[in-house]
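Commentary on secondary and tertiary structure
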Amino acid sequence: MKSYKEINKDQNAFAREYRKSSPEILDGFMAMHKAAMEEGALTVKVKEMMALSIGIASRCDGCIASHAKAALRAGATREELIETINVALMMGGGPAVIYGTQALAAVDEFLAD
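So, here's what we can say about the structure. This structure is a prediction, so every number in the text was calculated from the model and none was measured. (Residues numbered from 1 in each chain as written. Predicted model: local features only at pLDDT ≥ 70, side-chain atom pairs only at ≥ 80, totals over all residues. Heavy atoms only, no water.)

Together, Phe29, Met30 and Met32 make up a nonpolar patch on the protein surface, roughly 320 Å² of accessible area in all. Counting through the fold element by element, Met32 comes out in helix H2 (residues 23-36). (Patch = residues over 30% accessible without salt bridge, like charges linked within 9 Å, V, L, I, M, F, W, Y side chains within 5 Å. Areas by Shrake-Rupley, 256 points an atom, 1.4 Å probe, with all protein chains shown as cover. Salt bridge = Lys/Arg side-chain N within 4 Å of Asp/Glu carboxyl O. Helix = DSSP H or I, 4+ residues; strand = E, 2+ residues; numbered from the N terminus.)

Per the counting criterion, the structure on display carries 1 disulfide. A disulfide bridge connects Cys60 with Cys63, and the sulfur atoms are separated by 2.4 Å. Since a negative S-S torsion denotes a left-handed disulfide, the Cys60-Cys63 link at about 70° is right-handed. Of the residues examined, Cys60 reaches a relative accessible area of 24% and is grouped as partly exposed. We classify Cys63 as partly exposed; its relative accessible area is 28%. (Disulfide = S-S within 2.5 Å. Buried < 20%, exposed > 50% of the residue type's maximum accessible area, 1.4 Å probe, protein only.)

This part covers the environment of Ala65. Along the chain, Ala65 turns up in helix H4 (residues 61-73). In this structure, the C-alpha to C-alpha distance between Ala65 and Gly100, residues 35 residues apart in sequence, is 12 Å. Discounting chain neighbours no more than four positions away, the residues touching Ala65 are Tyr4, Ile7, Asn8 and Phe110. (Contact = heavy atoms within 4.5 Å.)

Have a look at this one:
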């Protein structure tokens, strides 16, 4: 069984190592990430739920781990995240079902803390 806490930890370590080889690229991406996720017309919570939905539809474990945790930190409830997963399943079809169910496992894993 996947551990989204471990996926998050590993991905952060991978990113730190990658940054040593290509700091301008990763720094540029992180600047874009920060700007895109700032509070604005949409709340950070809504933006994190959108990012989770796209992560599910894109079948990205690291995205699911990162944005499930961030959405909870931004105040999303389990119920809101289930509806987010529902939209991702509708948009992503069968493969999104697999990753959507895994996203709920990630939400539950982070809520257990």
